[in-house]
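Commentary on secondary and tertiary structure
Each chain is listed here by its residues.
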Protein chains: 2
Amino acid sequence: MSEGLEQLTRLGCQREPSALAYAERIHALVARSALLQDRTLDEVRRLTPYMQVYTTTGAVQIIAEGDPGDYMVLVISGAVEVIKKDRWGSNKRIAIVTAGETLGEMSMLDGEPRFASCFTREPSIFAVLARDRFITLIQDDPVLGASILLRLNQMLSQRLRQTGSKLVATMETQRVS
Amino acid sequence: MSEGLEQLTRLGCQREPSALAYAERIHALVARSALLQDRTLDEVRRLTPYMQVYTTTGAVQIIAEGDPGDYMVLVISGAVEVIKKDRWGSNKRIAIVTAGETLGEMSMLDGEPRFASCFTREPSIFAVLARDRFITLIQDDPVLGASILLRLNQMLSQRLRQTGSKLVATMETQRVS
């Protein structure tokens, strides 16, 4: 198992024995999930054996800013707060992520340090997809792997567009002020 | 052929009869190309039949900001200028893209309007990958398709990280000023 996932258990997350047992519950999130959009129950059943499911009973840090990251998180229930330090070291809440939404795709994909920290804010259940397992999925089932990669690409494109527009707008505000 | 590619010819780009004939020339760019990184000549030969190659003799617009986009561009030789209008309608040069580099991945992937305009600035050669051909490639050759998708994901992740950091830095500068 990946170093990152070992750490989740140390930090207080409980690992469920079977992720496949959560397939129907994960499939129920399809309508509100960018990652799972249009996935059939059969596809979710092919995906979940490559995931791990964890539960938390309250506030637990599940991703640490600056750490090397090798997994992404799909929230099944509960809520996760995303926090980034500004240059003065103050914590800034940048998002709250709930059921169906995902976290940490960037580091799962490129292995770069985590951009922000994530904490569960209430008892939560989440599924984790680690890079090595995702690569194995792509090798075992390239059609499903490519389809998930295509969705991840579209999600990143949209986020890049939003962030780029915010950057242009912020720089323009500066020019005015 | 896609609507977007029809337009390239109308705008003054010359379409080459065979993209496969450019496979070796494209493979020679591997060392300086994020998209092609680690690709073998065999893989480039499997990819190029899904592409179109175009040449320009000088300044030609190859992507228009705001247009629906359905293809990405790999520069084979020459240079492409990337320009975005600010809110006052002034053109701002945001990048110069040269051999091995790519343009327009985001719209190819998510079909959203183009974020910026692109103009060749000298006689240039570029290969185009349209969304429908890329989807066909993924179906025909899911292993190669997934591998290219994985690279695109990593490229977008890195760009998102850079843009996100710039945004955070710009917002912090504002707070100081």
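Calculation criteria
Residues numbered from 1 in each chain as written. Chains lettered and ligands numbered in written order. Predicted model: local features only at pLDDT ≥ 70, side-chain atom pairs only at ≥ 80, totals over all residues. Contact = placed C-beta atoms within 7 Å. Helix = DSSP H or I, 4+ residues; strand = E, 2+ residues; numbered from the N terminus. Buried ≥ 20, exposed ≤ 12 C-beta atoms within 10 Å, placed from the backbone. Arc of directions from axis to C-beta. Least-squares fit on C-alpha atoms with pLDDT ≥ 70 in both. Pairing = 2+ DSSP bridges. pLDDT = per-residue confidence, 0-100. Core = buried A, V, L, I, M, F, W, Y, C linked by C-beta atoms within 7 Å. Axes fitted to C-alpha atoms, helices over the stretch in contact; angles between N-to-C directions.

Quoted interface sizes are often the accessible area lost when the parts come together. Between chain B and chain A, the residue contacts involve 31 residues of the former and 31 residues of the latter. Among the elements of the structure, α4 (105-110) and α6 (142-176) of chain B are those that each provide at least two residues to the side of chain B that touches chain A. Looking at which element gives the most residues to the side of chain B that touches chain A, the answer is α6(B), with 23 residues.

Moving on to helix α5 (residues 131-140) of chain B. Residues and elements named next belong to chain B. Listing the buried residues of α5 in full gives R133, F134, L137 and I138. One side of α5 carries all its buried residues, which in axial view fall inside an arc of 145°. Away from the buried face of α5 by more than 90 degrees, exposed residues Q139 and D140 are located.

The next thing to look at is the relation of the copies chain B and chain A. Of the transformation superimposing chain B on chain A, the axial component is 0.0 Å and the angular component is 180°, with the fit at an RMSD of 0.0 Å. Expressed as an axis order, the relation between the two copies is that of a two-fold axis. Most of the interface of chain B is mirrored in chain A, where 100% of its interface residues are also at the interface.

A separate point is unusual backbone geometry. In this structure, A:D38 takes a positive phi of about 70° despite not being glycine. Overall, the presence of 9 C-beta atoms within 10 Å leaves A:D38 in the exposed class.

This brings us to the pairing of strand β6 (residues 91-98) of chain A. Residue and element names in this part refer to chain A. In terms of strand pairing, strand β5 (residues 79-85) meets β6 through seven bridges, oriented antiparallel. What sits directly across from E81, in β6, is I96. Adjacent in sequence and paired antiparallel, β5 and β6 are bridged by five residues, among which G89 carries a positive phi angle near 85°.

Attention now moves to the confidence of the model for chain A. Averaged over every residue, the pLDDT of chain A is 90; the share at 70 or more is 96%. Both scores are given for the predicted complex: the pTM is 0.82, the ipTM 0.76.

Residue and element names in this part refer to chain B. Read from one edge to the other, the open sheet built from five strands follows the order β1-β2-β9-β4-β7, with strand pairing classed as antiparallel. The open sheet is flanked by β1 (14-15) and β7 (102-103), the only strands paired with a single partner. Alignment of β1 against strand β2 (residues 52-56), held across two bridges, turns out to be antiparallel. Looking across to β2, one finds that R15 is bridged to Y54.

Residue and element names in this part refer to chain B. Structurally, P123 is set in the loop between β8 (117-120) and β9 (124-130). You can call P123 partly exposed: it has 14 C-beta atoms within 10 Å. Sequence spacing of P123 and M108 is 15 residues, and the spatial spacing of their C-alpha atoms is 24 Å.

What follows covers the environment of A:L160. Inspection of the secondary structure puts A:L160 in helix α6 (residues 142-176). In sequence terms A:L160 and A:G4 are 156 residues apart; their C-alpha atoms lie 26 Å from each other. Apart from residues no more than four positions distant in its own chain, A:L160 is found in contact with B:M106, B:L156, B:R159, B:L160 and B:T163.

Most often, soluble globular proteins keep nonpolar side chains buried together rather than apart. Grouped together as the largest cluster of nonpolar side chains are 96 residues, with contacts concentrated most on A:V73, A:A127, A:V128, A:L129, B:V73, B:V128 and B:L129. Here A:A127 is in contact with A:A19, A:Y22, A:I26, A:M51, A:Q52, A:V53, A:L74 and A:I76, once residues within four sequence places are set aside.

Further remarks concern the sheet that holds β6(A). Residues and elements named next belong to chain A. Spatially, the four strands line up as an open sheet ordered β3-β8-β5-β6, and their pairing is antiparallel. The open sheet has two edge strands with one neighbour each: β3 (60-63) and β6. Mean inter-strand twist for the sheet, computed between neighbouring axes without regard to direction, equals 30°.

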